[in-house]
Amino acid sequence: MQLPLEVVPPVAATGLFSYAWLLIAIPAVSAAILLLLGRAADAWGHLLGTLAPVAAFVIGLVLFLRLLDSDVGSRAVGVPLYDWVSVGSWHIGAGLLVDQLSILFVLLITGVGGLIHVYSIGYMASDPKRRLFFAYLNLFVASMLLLVLADNYLVLFVGWEGVGLASYLLIGFWQHRPSAATAAKKAFVVNRVGDMGMSIAIMLMLATFGSSAFVDVNAGAGRMGGTTATVMGLLLLLGACGKSAQVPLQSWLLDAMEGPTPVSALIHAATMVTAGVYLVTRSHAIFAETPTASLAVVIVGTVTLLAGAWIGCAKDDIKKVLAGSTMSQIGYMMLAAGIGPAGYAFAIFHLLTHGFFKADMFLGAGSVMHAMNDDVNLRHYGALARALPITFVTFAAGYLAIIGFPFFSGYYSKDHIIAAAFDDSVTIGLLAVLGAGITAFYMTRLMLMTFLSRKRWLDGVHPHESPLVMTIPLILLAIGSAVGGLVLNNWIGDWLTPAVGGAPPGGTEAPSLVEINLIGILTLIVVAIGVAIAVLVFGPRRTIAIEQPASRSPLTLAGRNDLYGDALNETVFMRPGRALTDGLAAFDNGGIDEAVVGTAAGIGQLSSRLRRWQNGFVRSYALTMVAGVAVVGAVLVLGRLG
Amino acid sequence: MSANSYLVLSAILFTIGTVGFLIRRNAIVAFMCVELMLNAANLSLVAFAHMHGALDGQIAAFFVMVVAAAEVVIGLAIIVTIFRTRRSASVDDANLLKF
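Residues numbered from 1 in each chain as written. Chains lettered and ligands numbered in written order. Predicted model: local features only at pLDDT ≥ 70, side-chain atom pairs only at ≥ 80, totals over all residues.

**A word on the nonpolar core**
Most often, soluble globular proteins keep nonpolar side chains buried together rather than apart. All names here are of chain A. In plain terms, the rule: Any nonpolar core is a set of buried residues, restricted to Ala, Val, Leu, Ile, Met, Phe, Trp, Tyr and Cys, that join up through C-beta atoms within 7 Å. Put simply, a residue is buried when 20 or more other C-beta atoms lie within 10 Å of its own C-beta and exposed when 12 or fewer do; between those, it is partly exposed, and each C-beta is set from the backbone. The helix and strand labels rest on DSSP assignments: H or I over at least four residues marks a helix, E over at least two residues marks a strand, and numbering proceeds from the N terminus. Once C-beta atoms are placed from the backbone, any two residues with those atoms within 7 Å are in contact.
Core analysis: the largest hydrophobic core is formed by 204 residues, its most contacted members being Leu145, Leu149, Leu335 and Ala359. With 18 residues, helix α15 (residues 341-371) is the largest single contributor of residues to this core. Ignoring sequence-local partners within four residues, the contact set of Leu149 consists of Ala20, Leu23, Ile24, Leu96, Leu97, Val98, Ser102 and Val106.

Right, dumping it as structure tokens:
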């Protein structure tokens, strides 16, 4: 195994960096203002809410440029804020770490987040709770920034829970719909399972290293035992699975599409669900010690990328297809992160490009839904390219990026991952290529059914292009999806290496613009096959049924039912759990309650018997007293004699 | 002179008091039986005090007398009150205070 390079310890913050806390404080204060002022802020709430991430983006950009200017050794800047927990020998400081990794996340969160805020102004224009929506979005941005900027697992966990809360609030934003309220609860509950792993991992760190700061964990990771490392790695993976909707904790993400579409774009595609990848990358020192946990990460990633693609093929709901593809793409990132130092930079690279193209496509889907009276069924679309030209072109940019069309962003990032997977194991590599082919199939299907095939509109639908406030973010994100890979490709590997502890072998040149390699060609062929099959089945000349055709194929049925994830959870956890609680309730009612009530009843009966002695006849009392005195006297006399 | 005859007298008095207390219905008679028991006890206290040549028992007898006097005041008041409401001095008629 390749030894990771010594991670450069962060330098103390000076100048501008000591104000890095403003990144988190601005959206947090904005959220607080919007929540506390209530309806008084309705008129301008959305403007303040949009200004906050934009301001944070400007600060982030300035810090990024500063980092870019400084030399490699001082690109990780620690910003201690205050002593958070100080009990006995425990000292846990709340501090921020601005380094190569976190600053990229800051730019993604505030940049893409800012665009989504702008888009939301238009998307939520007619919603009476728009101010509340922006308050929650700001809360999310603040928590997410805290998550990525924390210099300490415990502080990270605060942000981790904060984004979970914001996700819950936003999935259930239209809580008058029972499905949305249920989906929000489901997301919350499933995330708790992951959080349990996360919190136990942190406790294990505190027990092993006496600290949860990244610096101490990284320094101590080499000295801990292999078993501890494996347990810690698997627990962190459980946390990552919950947050990133990886198998086996994937079931909440598809239901989370009940939230407003900008939420799906921001939280459930671009940022929050990638937190698991961030966590694994941040914990590189731990995973370097444990091949078992790393292998588990790779397997989870591979399984999820295929499962997500499978679901994506079978769904007719545009948002659920995109959700399946999000799962699948995060699976790619997990796979890359599991490979180790060779893959971390690629995981983050794909995470960034995915943030662009998936946000682009989700917002495009929102624009389509806007035009089609909030109908999400692909079978009711068709021929929208002419009605929604801007949405079509921007969506197409995202589409080309996700299938890995040459020179679009996904082409670079996904090819790196597939190449790294082949380096790791041929099986994993082939599965990753297969995933790329399926991705091409279902995304082409989505594209054809939405924009190109014949009109299948329901009565009374008059599609119209969205207003500028929605299309401008789309255009910017489409540009990002198109050129993002090209811009970052030759730079990101060198940039991230010091932060993720290790050099990717061979650098990040392959596949560069001109170089032709076997794996790249193989991937392109598989992708082309996927596209061709989709065109054959859903091409412009084909008629597509307005109703979902009944299917007896087990593959299709499994995909339509989310691979029976809910059924599995119900059978394995819910029903035994309910049987256990029913049993406990029966024991409580029949056993404990009976015992308590029975004792009370027995004492009550006994006392009502004893009460009869109080019969109101003075002479019987007198007899009792005399008898008592006689007994006492007898005892005294016998005591004397004895 | 030995204390024996005093003690025997005291026991006889006490027994009479006890039996009367148990079998008589009239509240006044029952009350007098209680007094009889107290005085039987006093008699044995004084007898023992004389036998030991100490004053402790005599002092105790004085205490008993004081308590008995107080008891008489309250007891008679109660009996008179009960008689006023019930037109009877039988202890068996005052039987409302029960389960």
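On we go.
**Structural notes on the packing of helix α1 (residues 21-37) of chain A against helix α2 (residues 45-69) of chain A**
Residues and elements named next belong to chain A. Threshold: Axes, fitted as lines to C-alpha atoms, cover a helix only where it is in contact. Angles between the N-to-C directions of the axes lie from 0 to 180 degrees. Working definition: roughly parallel below 35 degrees, roughly antiparallel above 145 degrees, roughly perpendicular at 65 to 115 degrees, and oblique for all remaining angles. All residues other than Ala, Val, Leu, Ile, Met, Phe, Trp, Tyr, Cys, Pro, Asp, Glu, Lys and Arg, Gly among them, are scored as polar; the first ten of these are nonpolar and the last four charged.
α2 packs onto α1 with a crossing angle of 175° between their chain directions and a minimal axis gap of 8 Å. Taken together, the axes of α1 and α2 are roughly antiparallel relative to one another. Together, Leu22, Leu23, Ile26, Pro27, Ser30, Ile33 and Leu34 of α1 and Gly45, Leu48, Gly49, Ala52, Pro53, Ala55, Ala56, Ile59 and Gly60 of α2 make up the contact between the two elements. Of the residues contributing to the contact of α1 with α2, the split by class is twelve nonpolar, four polar and no charged.

**Focus: the sheet that holds strand β1 (residues 11-12) of chain A**
Residues and elements named next belong to chain A. The following threshold applies: Note on pairing: two strands pair once DSSP finds at least 2 bridges between them.
Pairing is mixed in the open sheet, where three strands are placed in the order β1-β2-β3. This sheet does not close on itself; its edge strands, each paired only once, are β1 and β3 (90-98). The pairing of strand β2 (residues 77-87) with β3 spans nine bridges and is antiparallel. In the sheet register, Gly78 faces β3, and the bridge partner there is Leu97.

**Points about the pairing of β2(A)**
Residues and elements named next belong to chain A. Strand direction decides the pairing type here: β1 and β2, joined by two bridges, are parallel. When the sheet's bridge partners are listed, Ala12 is paired in β2 with Gly78. Hairpin connection of β2 to β3: two residues between the antiparallel strands, including Gly88 at a positive phi of 55°.

**Considering the confidence of the model for chain A**
Low pLDDT means the predicted atomic positions in that stretch should not be read closely. Residue and element names in this part refer to chain A. How we decide: Predictor confidence is given residue by residue as pLDDT, running from a minimum of 0 to a maximum of 100.
Across chain A, the average pLDDT comes to 89, with 96% of residues at or above 70. This model gives residues 1-6 a pLDDT under 50, and the stretch forms eleven contacts once residues within four places in sequence are excluded. Contacts from residues 504-515, a stretch scored under 50 in pLDDT, to residues over four places away or in other chains number 19 contacts.

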